[in-house]
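Each chain is listed here by its residues.
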Amino acid sequence: MAKITWKTEDGKEISADVKDGLNLMEAAIANDVPDVDGDCGGCLSCATCHVFVDEAWLERTGEVDDIEDTMLEMTDVERRDNSRLSCQLIASPELDGLVLHVPAP
Amino acid sequence: MPKPIVIVGAGQAAASFVSRHKALANKGIGNNEPLILIGEEPVPPYQRPPLSKAYMSGDLERDRLFIRPTQWYSEQNITTYFNTRVDSIDPQLRKLKTSDGQTIDYGKLILCTGSSPLSLPTRMGGDLAGVFTLRNIADAEAMAPELVLGRKLLIVGGGYIGLEAAAVARKFGLDVTVIEMAERILQRVAAPQTSDFFRMLHQQHDVDVRESTQLVRLTQKSDGLNSRVDGAELANGEQLEADLVLVGIGGRPNIKLADQSGLDCENGIAVNQICQTSNPDIFSAGDCASFMRNGQRIRLESVQNAADQGDLVARVIAGEAVTYDPLPWFWSDQYDCKLQIAGLNMGYTQTVIRPGSKPGGQSVWYYAQDKLLAVDAMNDTMAYALGRKMIGAGLHPSPDLIADPAIDLKTVSKK
């Protein structure tokens, strides 16, 4: 279980306990986080589940692989150094407390 | 209070529309009209692609199909009528009638009526027990229990649905034959090289792939009242045995309601660049909507199209100045192969093959003369991603560069 917090650009916060193994795109949709879509169901085809990882958590969310890195160039809101596709972030005890910032297109 | 927006059809496009509408309203954008969602299926909007893939194979739980949890709609004050058909629309009075006898007023109407799979006519055995089409969750749930080790599955039509189902059925140990009337599988949607790749993939998994093969009729067991399918008669005189049959021969847009309401229809419900029909109060999105692209009125049956059009209609109604200019994408899973497509290959004049960075990977790049149109990437997400990036950026790398495996695609995409 990991407690995940999504912060939207208009200052809202949504927090939820996410089951280990669930990807954070699915978790965002289940918790009605706006602007995280996940149109392709998490198969790295769409880049619609873009989030910014809170700077304090960057080490724990790990490296972006080549494919995700390329897909990140197709996001609606321009990527930054802390951009991730949330379908590639998997809930685990190490991510308990993770804060994600949701860009609004 | 503003008049409600009524959404007819509760699939991907409808889900995308209501999600965007609510997200905008929560930011104070638009008129926050009440929403009424009407769908013929008994369930809220769900993802269709997994039906012929992970859901049918049992690798994805039912709950995970739904785009939003059921309670989301009530939490968002969206009125939903599932299991309900819309029988008629009166565009003058802005009213519609439902199958359960209700009359509903609308301010704006969104037709997300989708498409229906073509079935075989009765004279060809299309109505026999054991003959399936695959579009809805109910179709997948009817067919899944029939996928039993050792049974014989005949698939009529070598398109994506049929090929995906073939892969699932092989996983369960069925004996699978695919018959395709055209010269090659995937002929309508892909280049010969992509067809070759998938023919070989299925043959390696012991699927009997028969192209240029026409069905005369499905045959049935002749004993008494049982009318279940037991095989097929082919135009070459051959008889095939089958315990079950999947018909995957394409779909047609559901335009009846639009047509009866006097809306312009041409290869679907005709819409303009903002997904508006010939009646300014009525919009259409998804499989059923036809729009102009390069001088042709086309329809796209894909998640990308449904999601992007649904999203666009919400933005248009909220007053944003946006138009539909998609960069289409699509995917298919068969065995351990992932196909990802970026762009639209319509009108291509040549193709270039690029070997994948990993064994088993390959991509097919479609050009109209020197203009890059689309990429089919098999087990090569990098080629898909970079191809999509190049198409989106309007880059047209020379076919020679693409064909050269020594050239790094990333450098090409930065030019």
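Computed from a prediction, not measured in an experiment: that's the story for all the values here. (Residues numbered from 1 in each chain as written. Chains lettered and ligands numbered in written order. Predicted model: local features only at pLDDT ≥ 70, side-chain atom pairs only at ≥ 80, totals over all residues. Heavy atoms only, no water.)

### Examining the sheet that holds strand β18 (residues 269-270) of chain B
In any sheet, the strands associate via hydrogen bonds between backbone groups, in a parallel or an antiparallel arrangement.
Part 1 of the reasoning: Sheet architecture is open: three strands sit in the order β18-β20-β21 (chain B), paired in mixed fashion. The sheet is open, and its two edges are formed by β18 and β21 (296-298) of chain B, each paired on a single side. (Pairing = 2+ DSSP bridges. Helix = DSSP H or I, 4+ residues; strand = E, 2+ residues; numbered from the N terminus.)

### Points about the domain arrangement of chain B
Size of an interface, as often reported, equals the accessible area lost when the parts are brought together.
Residue and element names in this part refer to chain B.
Part 1 of the reasoning: What the domain assignment lists for chain B is domain 1 (5-116 + 252-317), domain 2 (119-247) and domain 3 (336-413).
Part 2 of the reasoning: Residue-level contacts link eleven residues of domain 2 with 13 residues of domain 3.
Part 3 of the reasoning: Three residues stand out in domain 2 for area buried against domain 3, namely Q193, T194 and F197, and they jointly supply 49% of the buried area on that side.
Part 4 of the reasoning: Viewed at the interface, domain 3 and domain 2 are joined by zero salt bridges.
Part 5 of the reasoning: For the pair domain 2 and domain 3, the number of links is four residue pairs in polar contact (both at pLDDT 80 or more).
Part 6 of the reasoning: Of the residues that constitute the side of domain 2 that touches domain 3, the class distribution is eight nonpolar, two polar and one charged. (Domains from an automatic or database assignment. Contact = heavy atoms within 4.5 Å. Buried area = accessible area lost by both parts, 1.4 Å probe. Salt bridge = Lys/Arg side-chain N within 4 Å of Asp/Glu carboxyl O. Polar contact = N/O pair within 3.5 Å; in protein donor to acceptor, adjacent residues only side chain to side chain. Nonpolar A, V, L, I, M, F, W, Y, C, P; charged D, E, K, R; others polar.)

### As for the interface of chain A and chain B
Part 1 of the reasoning: Contacts between chain A and chain B engage 24 residues on the former and 27 residues on the latter.
Part 2 of the reasoning: Approximately 2100 Å² of surface area, both sides summed, lies buried where chain A meets chain B, with 49% of it carried by carbon and sulfur atoms.
Part 3 of the reasoning: The tally of links between chain A and chain B comes to seven salt bridges.
Part 4 of the reasoning: Here B:R68 and A:D32 are joined by a salt bridge, their closest N and O atoms 3.2 Å apart.
Part 5 of the reasoning: Linking chain A with chain B are 13 residue pairs in polar contact (both at pLDDT 80 or more).
Part 6 of the reasoning: Elements represented by at least two residues in the side of chain A that touches chain B include exactly α1 (24-30) and α3 (66-71) of chain A.
Part 7 of the reasoning: In terms of residue count, the dominant contributor to the side of chain A that touches chain B is α3(A) (four residues).
Part 8 of the reasoning: Its residues assigned to classes, the side of chain A that touches chain B shows twelve nonpolar, three polar and nine charged.

### So, the environment of B:T177
Residue and element names in this part refer to chain B.
Part 1 of the reasoning: Structurally, the position occupied by T177 is in strand β11 (residues 175-179).
Part 2 of the reasoning: Sequence separation between T177 and K152 is 25 residues, and the spatial gap between their C-alpha atoms is 7.9 Å.
Part 3 of the reasoning: If we skip the residues at most four places from it in the chain, T177 touches L153, L154, I155, D208, R210 and L240.

### A look at the pattern of salt bridges
Part 1 of the reasoning: This structure, assessed with the given rule, holds 36 salt bridges over all chains.
Part 2 of the reasoning: Two residues, A:R84 and A:E68, come together in a salt bridge whose shortest N-O distance is 2.7 Å. Note that A:R84 is positioned in strand β4 (residues 83-85) and A:E68 in helix α3, a separation of 16 residues in sequence. Comparing A:R84 with A:E68 shows no difference in burial state: the two are buried.
Part 3 of the reasoning: With a closest N to O distance of 4.0 Å, A:R79 and A:E73 form a salt bridge.
Part 4 of the reasoning: Looking at A:R79, the relative accessible area reads 27%, which means it is partly exposed.
Part 5 of the reasoning: Linked by salt bridges that have partners in common, A:D35, A:D37, B:R20, B:K27, B:D311, B:R315 and B:E320 make up one network. (Buried < 20%, exposed > 50% of the residue type's maximum accessible area, 1.4 Å probe, protein only.)

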